[in-house]
Amino acid sequence: MASEQQMKNPLLVGRAIRAQLENEVPQDLPLERDFREDSDYTITDHVQELHKNLCKDPRTLELITSLVSHLHAFARETQLTHEEWTKAVKFLTRAGNESTEYKNEFVLLSDCIGLSALVDEINHPKPPGCTDGCEPGPFYTEDAPTVPSGSSLAKANTQGESMYFSGTVKNLKGESIKGATADIWQADGDGVYDIQYPDRDEPNDRGKIIANPDGTFNYRGILPTAYPIPSDGPTGDFLQLLGRHPHRASHIHFTVKAPGYDNLTSALYPSHSPFLGTDPVFATKKSLICQLTEERDPKKWSEMGFKEGEVNGGRVWVWTYNFVLPTVEEVKTLREVRMKKSKA
């Protein structure tokens, strides 16, 4: 184990390290054992022992200890070759190089192996009977206007057929929740979000709706269609290698909030959409698939709030859903139970 004097000795240490030592002197440890495979002290044991002796933050140590243990076990289980390891490093390097402000390849990769969905389930567990959640995705923005229930979220001439959505927000007791808000965003009838249009000058197909005192809300809009996640980078190659596609079923995003209740971020899917069972980001769940109906009576359109000439396609797609939120305490209790099971 080297002393500070040894670390600063120019005969033993180069100038780059000596310069760094002016700010911080690292802790050194003696190498007391050799580590090798098929022995009682492997590289895994050595790495874990080093971290245990040097890492001061308990949570960081817990995370890295588990990560190293599982990564090393993966390498042993699969007998990972140098060529495969090199390919993986090149893949991750490419993911970093090709990430931008609007397309993070690491987030896409996390989505496409189900990690993002798993982390969301761990952090927002849902008691039985509550609406399932999912990640918000990359197209959420903060500039959606706040509008009353019954408004239209689609600007004039937005591509797609007309849709009428009505929802309720209740708790597990079936009681309406007062003070609920629904933040909504979606693609249009071409499967394109407003921020993907280069000439976007204001929000479209998105809005924050203040629910009525009885927990109900509704709005007029456009029926969304399916679209692909970005597939021109390494994550797209990853999907292709596995025989998977990048296409997401059509859906509407919601973040529903209410005082005293756990925030819900979720998405709803029409049952007629393709790709429900092969969602590349594993956000689609059967409980979130909805059966839509068609309304072709102009009198009904008027009752929904559509003006004359506003309906596109000669019909209105009617979409209903009942959101059920758990309280903050119900989620806290469930997380504590799961935490105890994970430590058992």
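Since this is a predicted model, take the numbers as computed values, not measurements.

Procedures and definitions
Residue numbers restart at each chain and count upward from 1, following the sequence in its written direction. This being a predicted model, a pLDDT of at least 70 is required before a residue's local features are given, and a value of 80 or more before pairs of side-chain atoms are given or counted; all residues contribute to the totals for chains, interfaces and linings. Side-chain numbers come from the whole structure's heavy atoms, not from hydrogens or water. In this scheme Phe, Tyr and Trp rings, the latter by its six-membered ring, pair at centre separations within 6.5 Å, and the angle between planes marks the pair as stacked below 30 degrees, edge-to-face above 60, and tilted otherwise. Secondary structure is summarised from DSSP: a helix means a run of H or I of at least four residues, a strand means a run of E of at least two, and numbering begins at the N terminus for each. We call a residue buried when its accessible area falls under 20% of the maximum for its residue type, exposed when it is over 50%, and partly exposed in between, using a 1.4 Å probe and counting protein chains only. For our purposes a nonpolar core is just a set of buried Ala, Val, Leu, Ile, Met, Phe, Trp, Tyr and Cys residues, chained together by side-chain atoms within 4.5 Å. Contact definition: two residues touch when any of their heavy atoms are within 4.5 Å. At least two DSSP bridges between two strands are needed for those strands to be called paired. Salt bridges are defined by distance alone: a side-chain nitrogen of Lys or Arg within 4 Å of a carboxyl oxygen of Asp or Glu. For the purposes of this analysis, a disulfide is any pair of cysteine sulfur atoms at a distance within 2.5 Å. Axes here mean lines fitted to C-alpha atoms, for a helix over just the part in contact, with angles spanning 0 to 180 degrees between N-to-C directions. Reported orientations rely on four angle classes, namely roughly parallel under 35 degrees, roughly antiparallel over 145, roughly perpendicular from 65 to 115, and oblique for the rest. Three classes are used: nonpolar for Ala, Val, Leu, Ile, Met, Phe, Trp, Tyr, Cys and Pro, charged for Asp, Glu, Lys and Arg, and polar for all others, with Gly counted as polar. Polar contacts, as used here, are pairs of N or O atoms within 3.5 Å; protein pairs need one atom able to donate a hydrogen and one able to accept it. Residues neighboring in sequence count only if both atoms are side-chain atoms.

Peer 1: Can you lay out the packing of aromatic side chains for me, pointing to particular residues and giving the numbers?
Peer 2: A full pass over the atoms with the stated rule returns twelve aromatic pairs. Aromatic side chains phenylalanine 165 and tyrosine 219 sit 5.6 Å apart centroid to centroid with 25° between the ring planes, which places their arrangement in the stacked category. Of this pair, phenylalanine 165 sits in strand S3 (residues 162–171) while tyrosine 219 sits in strand S6 (residues 216–222), and the two are 54 residues apart along the sequence. Taken individually, phenylalanine 165 and tyrosine 219 each receive the classification buried, so the pair is uniform in this respect. Where phenylalanine 217 meets phenylalanine 323, the ring centres are 6.2 Å apart and the plane angle is 25°; that geometry is what we call stacked. Here the residue phenylalanine 217 occupies a position in strand S6, and phenylalanine 323 occupies one in strand S13 (residues 316–325), the gap between them amounting to 106 residues. You can call phenylalanine 217 buried: its relative accessible area is 2%.

Peer 1: Hey, could you go over the nonpolar core for me, with residue numbers and the actual values?
Peer 2: Among the nonpolar cores identified, the biggest contains 40 residues, and Phe165, Phe217 and Phe254 are the most heavily contacted of them. Those elements that place two or more of their residues in this core are helix H6 (105–112), S3, strand S4 (181–186), S6, strand S9 (252–257), strand S10 (264–270) and S13. Per element, the largest residue contribution to this core is five residues, and it comes from S13. Not counting residues within four places of it along the chain, the set of residues in contact with phenylalanine 165 comprises Phe217, Asn218, Tyr219, Phe254, Leu268, Trp319, Tyr321 and Phe323. Counting seven residues, the second-largest nonpolar core is a separate cluster that includes Trp301, Met304, Phe306 and Val311.

Peer 1: So, the sheet that holds S4: which residues are in play, and what are the values?
Peer 2: Strand order in the open sheet made by the six strands is S1-S5-S4-S9-S10-S11, with mixed pairing throughout. Edge positions in the sheet fall to strand S1 (146–148) and strand S11 (289–290), since each of these pairs with one other strand and no more. Note that S10 and S11 share two bridges and pair parallel. Bridging across to S11, proline 270 finds its partner in cysteine 290.

Peer 1: With reference to specific residues and values, describe the pattern of salt bridges.
Peer 2: Taken as a whole and assessed by the stated rule, the structure comprises 17 salt bridges. With its nearest N and O atoms 3.8 Å apart, the salt bridge here joins glutamate 310 to arginine 220. Of this pair, glutamate 310 sits in the loop between helix H9 (298–304) and S13 while arginine 220 is found in strand S6, placing the two residues 90 residues apart along the sequence. Assessed through its relative accessible area of 10%, arginine 220 is described here as buried. Taken together, the salt bridges that share partners define one network made up of Asp143, Asp194, Arg200 and Arg206.

Peer 1: Go over the state of the cysteines with me, naming the residues and quoting the values.
Peer 2: Going through the model one piece at a time under the given rule, you end up with zero disulfides. This cysteine, cysteine 134, is not joined by any disulfide, and cysteine 290 carries the nearest cysteine sulfur, 12 Å off. Judged by its relative accessible area of 5%, cysteine 134 is buried. Residue cysteine 290 is classed as buried on the basis of its relative accessible area, which comes to 5%.

Peer 1: Let's hear about the packing of helix H5 (residues 82–98) against H6: which residues, and what values?
Peer 2: When two helices pack together, their arrangement is captured by the angle between the axes and the distance separating the axes. Contact geometry of H5 with H6 gives a least axis separation of 8 Å together with a crossing angle of 125°. By the criterion of interaxial angle, the relationship of H5 to H6 is oblique. The residues of H6 that touch H5, namely those facing Phe91, Leu92, Ala95, Gly96 and Glu98, are Glu105, Phe106 and Leu109. Considered class by class, the residues forming the contact of H5 with H6 number five nonpolar, one polar and two charged.

Peer 1: Lay out the sheet that holds strand S2 (residues 151–152) with the relevant residues and their values.
Peer 2: On the basis of which strands lie adjacent, the open sheet formed by five strands has the order S2-S6-S3-S13-S12 and mixed pairing. Each edge of the open sheet is held by one strand with a lone partner, namely S2 and strand S12 (293–295). By the bridge criterion, two bridges tie S2 to S6 in an arrangement that is parallel. Following the sheet pairing, serine 152 is matched in S6 by arginine 220.

Peer 1: Tell me about the pairing of S4, residues and numbers included.
Peer 2: The element S4 is largely enclosed, with a buried count of five among its six residues. Two elements, S4 and strand S5 (residues 206–210), share five bridges in a ladder whose sense is antiparallel. Of the residues in S5, the one forming a bridge with isoleucine 184 is glycine 207. The pairing of S4 with S9 spans six bridges and is classified as antiparallel. Among the inter-strand pairings, glutamine 186 is bridged to a residue of S9, identified as isoleucine 252.

Peer 1: Pulling in residues and values, what's your account of the pairing of S10?
Peer 2: Of all seven residues that make up S10, seven are buried, and the element is covered over most of its length. Of the two faces of S10, the one lined by Leu264, Ser266, Leu268 and Pro270 and the one lined by Thr265, Ala267 and Tyr269 are each fully buried. As consecutive antiparallel partners, S9 and S10 are separated by six residues, and within that stretch glycine 260 has a phi angle of approximately 85°, a positive value.

Peer 1: Go over the side chain of histidine 253, please, and point to the residues and values.
Peer 2: Its location among the elements puts histidine 253 in strand S9. Residue classification places histidine 253 among the buried positions, given a relative accessible area of 3%. A polar contact of 3.1 Å, which involves the side chain of histidine 253, links it to the side chain of tyrosine 193. For histidine 253, the contacting residues outside a window of four places in its chain are Pro136, Asp183, Ile184, Trp185, Tyr193, Tyr227, Arg248, Ser266 and Ala267.

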